[in-house]
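What follows is each chain in one-letter form.
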Amino acid sequence: MPTMPRTEAPQPSPPEDLWVKCPGCREIAFRKEVERNLNVCLKCGYHHRLTVEQRLAITADRGSWRELYPGLAGGDPLEFRDSKAYPERLMQARGASGRGDAAVIGTCRIEGRPVALGVMDFNFMGGSMGIVVGEKMARLFVHARARRVAAVVFSASGGARMQEGALSLMQMAKVSSAIARLRDARVPYISVCCDPTTGGVAASFAMLGDLNLAEPGALIGFAGRRVIEQTINQRLPEDFQKAEFLLAHGMLDAIVPRHQMRQTLAHLLSILRPRR
Ligand SMILES: [Zn+2]
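Residues numbered from 1 in each chain as written. Predicted model: local features only at pLDDT ≥ 70, side-chain atom pairs only at ≥ 80, totals over all residues.

1. Re the nonpolar core
Within soluble globular proteins, side chains that are nonpolar generally end up buried alongside one another. Residues Val115, Phe141, Ala144, Ala150, Ala151, Val152 and Val192 are the most contacted members of the largest nonpolar core, which totals 60 residues. A total of eight residues in this core trace back to one element, the largest contributor, which is helix H5 (residues 131-147). Filtering out sequence-adjacent residues up to four positions away, valine 152 remains in contact with Val115, Leu117, Ile190, Val192 and Leu265. (Core = buried A, V, L, I, M, F, W, Y, C linked by C-beta atoms within 7 Å. Buried ≥ 20, exposed ≤ 12 C-beta atoms within 10 Å, placed from the backbone. Helix = DSSP H or I, 4+ residues; strand = E, 2+ residues; numbered from the N terminus. Contact = placed C-beta atoms within 7 Å.)

This is how it looks when you write it as structure tokens:
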């Protein structure tokens, strides 16, 4: 029987690598083109989620980023197991992302202004906050206070990490008190809620900025829509927990489109200078 000859020609990328379907308008667009537009849909303005690397590239001045505590990684304090053991989940996430946990912190400049910057990684176990994310965020605010540079955090998280149980919930208090000390020292903190910012992250540092900003369309809230609807036995408005709804109800200071984020942060940082 004849067999097909083996070819060494490179396989074409699967179509999902080349094209991206917009959840906003359902149009299919050329991925490169969307990426060139900062991952904002050219048709409807939908803001696609960014990786940490993409966020840093469009936020920090070129060459200015210095990561702090990159090696910080946690263990499995509760020996937690669901359908998989927690260490196995961690290992997979670390392999896929190349980082120890769901946040990076560091220092950089934004249009020349020095900041302590934190960016959450939603691709790493849903950006969930366990001991390491909490510790990194707390250290970010400690660093900002010691160096008297403003702190900026881009949040994207499903909330506390259930695999670390109460130890995850404790992070909310720990990070919040680091922010309180930063505030006492009169060093500013700007929070940017990205899609999604929910649970224990929304209920702690993401909503504790001197200014709380958001990207357009970001989902922001504590409990999920279904949980609330079933609890209060009422239907919620369609745009409930969207950034626009929160802004209209006084929970946010501004919604900033991605194309304006850098210059907006730089402008705000020029006004909110740490008091000497
Ligand atoms: Zn679109």
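After that view, the rundown keeps rolling.
2. Examining H5
A rise of 1.5 Å per residue sets the reference length of H5, with its 17 residues, at 24 Å; its end C-alpha atoms lie 24 Å apart and thus fit the reference within 8%. All buried positions along H5 are accounted for by Ile131, Val132, Val133, Gly134, Lys136, Met137, Ala138, Leu140, Phe141, His143, Ala144 and Arg145. Backbone geometry just downstream of H5 places arginine 148 in the positive-phi region, at approximately 55°. (Expected span 1.5 Å × (residues − 1).)

3. Observations regarding the environment of serine 176
Here serine 176 shows up in helix H6 (residues 165-184). The sequence separation of serine 176 and glycine 106 amounts to 70 residues, and the corresponding C-alpha distance is 19 Å. Discounting chain neighbours no more than four positions away, the residues touching serine 176 are Ser204, Phe205 and Leu208.

4. Regarding the pairing of strand S6 (residues 150-157)
The buried fraction of S6 amounts to eight of the eight residues, a majority that puts the element mostly inside the structure. Covered by surrounding structure in S6 are Ala150, Val152, Phe154 and Ala156 together with Ala151, Val153, Ser155 and Ser157, the residues of both alternating faces. Of the strand pairs in this sheet, strand S5 (residues 113-120) and S6 are connected by five bridges, and their pairing is parallel. By the bridge assignment for S6, leucine 117 is matched with valine 152. In this region the chain leaves S5, passes through H5 and returns to the parallel neighbour S6; the handedness of that crossover is right-handed. Pairing analysis gives six bridges linking S6 to strand S7 (residues 189-198), with the strands arranged parallel. Following the sheet pairing, alanine 151 is matched in S7 by tyrosine 189. Handedness of the crossover joining S6 and S7 through H6: right-handed. (Pairing = 2+ DSSP bridges. Right-handed = clockwise from strand over helix to strand, strands pointing away.)

5. Section: the domain arrangement of the protein
The domains assigned to the protein are domain 1 (15-48) and domain 2 (49-271). Here domain 1 and domain 2 have C-alpha centroids that lie 24 Å from each other. Counting residues at the interface gives seven residues for domain 1, matched by ten residues for domain 2. When grouped by side-chain class, the residues that make up the side of domain 1 that touches domain 2 number three nonpolar, four polar and no charged. (Domains from an automatic or database assignment. Nonpolar A, V, L, I, M, F, W, Y, C, P; charged D, E, K, R; others polar.)

6. Quick notes on helix H10 (residues 258-271)
The first and last C-alpha atoms of H10 sit 20 Å apart over 14 residues, in line with the 20 Å expected at 1.5 Å per residue. Where H10 bends most, the angle comes to about 25°, and this point is threonine 264. Taken together, the buried positions of H10 are Arg258, Met261, Leu265, Leu268 and Leu269. Buried positions along H10 lie against strand S4 (103-110), S5, S6, S7 and strand S8 (211-214). (Bend = angle between axes of the 7 residues up to and from the residue.)

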